[in-house]
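Chain and residue survey
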Amino acid sequence: MALSSTGSVRSQCPYCGVGCGLELMPPAQPGQAVKRDAEGNPVWTARGDRQHPSSQGQVCIKGATVGDTLARGRLSEPLYRSSLDQDFQPISWDQAFDLLEGRIRSTLAAKGPQAIAMYGSGQFHTEDYYLAQKLLKGALGSNNFDANSRLCMSSAVAGYTRSLGSDGPPCCYEDLDHCSVAFLIGTNTAECHPVLFQRLLKRKKRTPKDVTVVVVDPRATDTTKAADLHLAIKPGSDLALLHGIAHLVIAAGGLDADFIEEATEGLADFAQLVASATPERTAELCGISEQQLRDVAALWARNDRILSLWSMGVNQRREGTAVVCGLINLHLLTGQIGKQGAGPFSLTGQPNAMGGREAGGLAHLLPGYRLVANAEHRAELEAAWRLEPGSIAASPGLAAWQQVEAMERGELDLWWVVATNPLVSMPNLERVKAAMARCPLVVVSDAYADTETAHYAHLLLPASQWSEKAGAMTNSERRVTYCPAYRPRHGQSRPDWEVFAELGRRLGYEQQFTYNSSAEVYAEFAALTAGRVCDVSGLSHALLDQEGPQQWPFPQGSIASSDSKRLYANGCFPTPSGRARFVADPVLGLAEPPCAVYPLVLTVGRYLGQWHTMTRTAKVDRLQTMHPEPLLEIHPNDAKRFGVVDGELAAVSSRRGSVTAKVLVSDRIRPGSVFLPMHWGFSQDQACEANVLMHDQACPISKQPELKATAVVVAPAVSVVKPLEQSEGRLQRLRRLFLQASTSEKAASRL
Ligand SMILES: Nc1nc2c(c(=O)[nH]1)N[C@H]1C(S)=C(S)[C@@H](COP(=O)(O)OP(=O)(O)OC[C@H]3O[C@@H](n4cnc5c(=O)[nH]c(N)nc54)[C@H](O)[C@@H]3O)O[C@H]1N2
Ligand SMILES: Nc1nc2c(c(=O)[nH]1)N[C@H]1C(S)=C(S)[C@@H](COP(=O)(O)OP(=O)(O)OC[C@H]3O[C@@H](n4cnc5c(=O)[nH]c(N)nc54)[C@H](O)[C@@H]3O)O[C@H]1N2
Ligand code: SF4
Ligand SMILES: [Mo]
């Protein structure tokens, strides 16, 4: 690990997919008292790393306060209970491994590998991801590894693959400095990718005429404040909008005929489809004026460096893949790809969801952007992993929601949840709880003790987290950063990759899982990417540590900081024909449109200062002060119609359940839509389980659930309904146990 003269270290921020560089300063600085958190644990201070090319010294409030989150409330030792109505008891790691090994062996014998599943996370390091694939898909022969990226990036993965032949965002952050139009669709960049947003905002302020900012979002957000044009479309009407824009671009002759001729296929079918997407029809479907539509289409037809940025407003949709392809269609139509300042740029959610895709971390993937369904790909990995031919099953495993359905049917005997908190983040939560309660062994590996999912687990495994384990992460612009272990491991916690490796050895794969360090794991993974789109075969922990973060492709023999800024600059795409494809999908709209009983569309998203299920951000006082509670955003007309009052409680109900939240009346949201944050799960004091309300319908191609829209009704709430009254006994017991554990740990974790 490269140490500076002040003892500071460099890493990548472990929150969002911008992947800013952080410089971490040790708790003891010369002439100053040791900095400690509220529990007395020493705290490393974070600031922006000026040497990191992606963020150039910038950070947001989450990155800046990450040091405060690392020691408090941690899970310190393995805990076990044989049934959910019992208390957890501490056990040793040895006992935990015996239990896991025994149950895996008996499950394999009784039901076969398909009865085992792991649900992982874009917050893994690449090494964790890679060994999880080797263990599940290789050693156990179960492709049932999926990650929370299924709820996040899988429509982007599917859309890129369908349109361009492979996953892989073709753009880079520098494109924000060069684009003439920034087309932001379904992204609240200001709150969710703040450092990128600030970069765009700075440019916009400096030279307002150089860049036109378009934001497509049913809500006015902090992002729309920077917009020249805000299209507050009806929720779920994005594909209609994109087709409507294509119609006008074609009508205006704004096509890039040379690019289309040389580098694409399928225009005829697409043009035929969008011929009916007339401006009148589009404006009507989207709930915007025809003039607004024409203004935006004129920007596309001008054919001048268009960068589109998107995230969950697009991906989390029953037609998520179709919307991604619809957006890429516009880039193909206008030749806006592979050039400086142009391209379809998916903003990644989590810090290493990109690395996860590279490592094959979804149920249909294998490491190196390979596919489970491809016999050659399977054979390549079986050979590399020294496994018998045929060891890797030929069909994709269970995707996230399918894992829940399999538990419901009693088909899963072991569900292992690692680095994600599905009892806040999955849709249709009551169904997930009931399904988990049926599963004979639920294992949860987490850094923290008090996650909602732990309440439905039998075995809790303490994970060493970022800062305590060395590994690599890839950010949205394909840049890989080495993240060193700069703090001691908490209590008995272990890095996830180490746990997977030990289990692999115990299951009889001694040769395949013997590693002395995560650097060896990375080296093995990197070699497997040679010749693939995501080639990182020239990277190693040592190179990244010495030379700093690097973008891929980075084949063996590459020189550090070589130009890998953009993919497809030569107009050649990794499809069989070498051409990118126009995709002609008809418009479907929302899976659960509003109706007479549930007349509003609820959308669920994020606040700037909270991270997902708050296991980390709830531990930072500044962030709690910023967002002390969840608020139901509702338009004044709707507030009046449903009789709810600003600052008072409302009940929000869908076909699946009900939650209460304080009302925020605001004309920033479209009439007919309401918004709730996703963050407050049932164990928070201000619990508001938004995902109890959400349906589980998913995009048939990407299998990504429509977490952005469900039909609800709102009414004044007469009293505060205390969430999950009945599970309070268990909740309190868990808290007590974890409090005991964290007190004893405090002393141990002092430097
Ligand atoms: N502060 C913070 N930052 C984060 C995270 C966090 O938890 N907190 N999480 C990270 C992760 S994993 C992710 S995936 C990203 C998510 O980043 P974003 O996708 O930017 O965040 P969201 O708030 O989920 O949703 C974005 C916007 O989609 C809009 N939307 C809803 N329905 C529609 C629709 O039908 N069409 C369109 N066009 N827009 C719609 C919502 O109004 C919302 O403003 O953020 C990352 N960054
Ligand atoms: N309605 C609705 N639902 C949503 C969304 C939405 O926009 N709307 N967004 C979806 C999206 S995009 C996402 S990404 C998900 C996020 O949802 P989750 O993945 O459930 O959220 P996190 O709180 O990030 O959970 C990560 C967990 O990993 C733990 N952890 C951190 N580091 C480590 C480690 O190194 N090892 C281990 N073992 N554990 C660790 C943390 O303590 C935490 O419990 O939510 C999804 N759910
Ligand atoms: S923008 Fe994202 S990566 Fe950068 S500091 Fe904030 S949370 Fe971390
Ligand atoms: Mo995400």
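The rules behind the values
- Residues numbered from 1 in each chain as written.
- Chains lettered and ligands numbered in written order.
- Predicted model: local features only at pLDDT ≥ 70, side-chain atom pairs only at ≥ 80, totals over all residues.
- Heavy atoms only, no water.
- Helix = DSSP H or I, 4+ residues; strand = E, 2+ residues; numbered from the N terminus.
- Rg over C-alpha atoms; globule rule 2.2 N^0.38 Å.
- Buried < 20%, exposed > 50% of the residue type's maximum accessible area, 1.4 Å probe, protein only.
- Contact = heavy atoms within 4.5 Å.
- Areas by Shrake-Rupley, 256 points an atom, 1.4 Å probe, with all protein chains shown as cover.
- Lys, Arg positive; Asp, Glu negative; His and termini not counted.
- Charge placed at Lys NZ, Arg CZ, Asp CG, Glu CD.
- Near = heavy atom within 4 Å.
- Nonpolar A, V, L, I, M, F, W, Y, C, P; charged D, E, K, R; others polar.
- Domains from an automatic or database assignment.
- Buried area = accessible area lost by both parts, 1.4 Å probe.
- Salt bridge = Lys/Arg side-chain N within 4 Å of Asp/Glu carboxyl O.
- Polar contact = N/O pair within 3.5 Å; in protein donor to acceptor, adjacent residues only side chain to side chain.
- Expected span 1.5 Å × (residues − 1).
- Pairing = 2+ DSSP bridges.
- Axes fitted to C-alpha atoms, helices over the stretch in contact; angles between N-to-C directions.
- Parallel < 35°, antiparallel > 145°, perpendicular 65-115°, else oblique.
- Core = buried A, V, L, I, M, F, W, Y, C linked by side-chain atoms within 4.5 Å.
- Disulfide = S-S within 2.5 Å.
- pLDDT = per-residue confidence, 0-100.

Scanning the protein for helices and strands turns up 26 helices and 28 strands. Against the globule reference of 27 Å for 751 residues, the protein gives a C-alpha radius of gyration of 25 Å, in line with a compact fold. Projected onto the principal axes, the alpha-carbon positions of the protein cover approximately 70 × 65 × 65 Å. In the protein, buried positions account for 63% of the 751 residues. Put simply, of all contacts in the protein between residues at least 6 apart along the chain, 75% involve residues at least 24 apart. Just so you have it, the protein exposes about 25,600 Å², and 51% of that area is on carbon and sulfur atoms. When the 74 positive and 77 negative side-chain charges of the protein are each reduced to one mean point, those points stand 3 Å apart.

Taken together, C13, Y15, C16, G19, C20, V59, C60, K62, G63, P194 and V195 are the residues near ligand 3. Among the residues making up the shell around ligand 3, the classes are represented as eight nonpolar, two polar and one charged.

A few words now on the domain arrangement of the protein. Partitioning the protein into domains gives domain 1 (79-150 + 363-454 + 468-551), domain 2 (154-346) and domain 3 (600-728). Counting residues at the interface gives nine residues for domain 1, matched by eleven residues for domain 2. Across the domain 1/domain 2 interface, buried area totals approximately 850 Å², and carbon plus sulfur atoms make up 48% of it. Applying the counting criterion to the domain 1 and domain 2 interface returns zero salt bridges.

Once that is clear, we can look at the side chain of D585. Positionally, D585 belongs in the loop between β22 (580-581) and β23 (600-605). Engagement of the side chain of D585 in a polar contact is seen with the side chain of R162, the distance being 2.9 Å.

Turning our attention to the pattern of salt bridges. One pass over the structure, following the stated rule, counts 42 salt bridges. In this structure, E23 engages R47 in a salt bridge whose closest nitrogen and oxygen atoms are separated by 3.3 Å. You can see E23 sitting in strand β2 (residues 21-25) and its partner R47 sitting in strand β3 (residues 45-48), a full 24 residues away along the chain. Owing to a relative accessible area of 9%, E23 belongs among the buried residues under this scheme. Note that K204 and D228 form a salt bridge whose closest N and O atoms lie 2.8 Å from each other. On the criterion of sequence distance, the pair formed by K204 in helix α7 (residues 194-206) and D228 in the loop between β9 (212-216) and β10 (229-231) is long-range, its members being 24 residues apart. Residue K204 is classed as buried on the basis of its relative accessible area, which comes to 13%. Its relative accessible area of 43% is what places D228 among the partly exposed residues. One connected set of salt bridges, linked through shared partners, spans D94, D98, R494, E502 and R506.

Here helix α2 (residues 93-110) is 18 residues long and its end C-alpha atoms lie 25 Å apart, about the 26 Å a rise of 1.5 Å per residue gives. All of the buried residues along α2 are W93, A96, F97, L99, L100, E101, I104 and T107. Of the residues flanking the end of α2, it is G112, one or two places downstream, whose phi is positive at about 90°.

This part covers the sheet that holds β23. Adjacent strands of a sheet form backbone hydrogen bonds with each other and so pair up, either parallel or antiparallel. Overall, mixed pairing links the six strands, which are arranged β23-β27-β24-β26-β25-β28 in a closed barrel. The mean angle between the axes of side-by-side strands here comes to 45°, regardless of whether they run parallel or antiparallel.

In the neighbourhood of ligand 1, 34 residues make up the surrounding shell, with D217, G236, D238, R606 and Q610 lying closest. Within the side chain of K62, a nitrogen or oxygen atom sits 3.1 Å from a nitrogen atom of ligand 1. Taking Q610, its main chain carries an N or O atom lying 2.6 Å from a nitrogen atom of ligand 1. Coverage of ligand 1 by the protein amounts to 99% of the 910 Å² it exposes when considered alone. Looking at the shell around ligand 1, the elements with two or more residues in it are α6 (189-192), α13 (312-315) and β23. Considered class by class, the residues forming the shell around ligand 1 number eleven nonpolar, 15 polar and eight charged. Both of domain 2 (154-346) and domain 3 (600-728) provide at least three residues apiece to the shell around ligand 1.

Here the focus is the pairing of strand β13 (residues 343-346). Both faces of β13 are covered, namely the face carrying G343 and F345 and the face carrying P344 and S346. Sheet analysis places strand β12 (residues 306-310) next to β13, joined by four bridges and oriented parallel. Across the sheet, S308 pairs through a bridge with P344, a residue of β13.

All right, on to the sheet that holds β3 then. If you walk across this open sheet you meet the three strands as β1-β2-β3, and the pairing is antiparallel. Two strands lie at the open edges of the sheet, namely β1 (9-12) and β3, each paired on one side alone. Between one strand axis and the next, the sheet turns by 35° as a mean value, whatever way the strands run. Pairing between β2 and β3: four bridges, direction antiparallel. Across the sheet, residue L22 finds its bridge partner in β3, namely G48.

Closest axis-to-axis distance for the helix α8 (residues 238-251)/helix α10 (residues 267-274) pair is 9 Å, and the angle between their directions is 105°. Looking at the two axes, α8 sits roughly perpendicular to α10. In this structure, α8 contributes H243, A246, H247 and I250 to the contact, and α10 contributes F270, A271, L273 and V274. Among the residues forming the contact of α8 with α10, the class breakdown is six nonpolar, two polar and no charged.

Of all hydrophobic cores here, the largest spans 111 residues; its most connected members are F183, I245 and W416. Of the residues that make up this core, three or more belong to each of domain 1 (79-150 + 363-454 + 468-551) and domain 2 (154-346). Excluding residues within four positions of it along the chain, F183 makes contact with V214, V216, L242, I245, V296, W300, I306, L307, S308, L309 and L327. Ranked by size, the runner-up nonpolar core spans 60 residues in total, among them W415, M614, I669 and F682.

Here we come to the state of the cysteines. Scanning the model with the defined rule gives zero disulfides in all. Summary of cysteine pairing: C172 is not part of a disulfide, and the nearest cysteine sulfur, belonging to C171, is at 7.3 Å. Owing to a relative accessible area of 2%, C172 belongs among the buried residues under this scheme.

Bringing the side chain of H331 into the picture now. As for its position among the elements, H331 is in helix α14 (residues 320-333). Separated by 2.4 Å, the side chains of H331 and S308 make a polar contact. When residues no more than four places from it in sequence are discounted, the contact partners of H331 are W300, I306, S308, Q336, G343 and P344.

Packing of helix α11 (residues 279-286) against helix α12 (residues 290-301) leaves a shortest axis separation of 9 Å and a crossing angle of 110°. One element, α11, and the other, α12, form an angle in the roughly perpendicular class. Between α11 and α12, the contacting residues are P279, E280, T282 and A283 on the first element and E290, L293 and R294 on the second. When grouped by side-chain class, the residues that make up the contact of α11 with α12 number three nonpolar, one polar and three charged.

Attention shifts here to the confidence of the model for the protein. For the protein, the average pLDDT comes to 94, and 95% of its residues sit at 70 or higher. When the criterion is pLDDT under 50, residues 723-731 qualifies, and its contacts beyond four places in sequence or with other chains add up to eleven contacts. Contacts from residues 738-751, a stretch scored under 50 in pLDDT, to residues over four places away or in other chains number 22 contacts.

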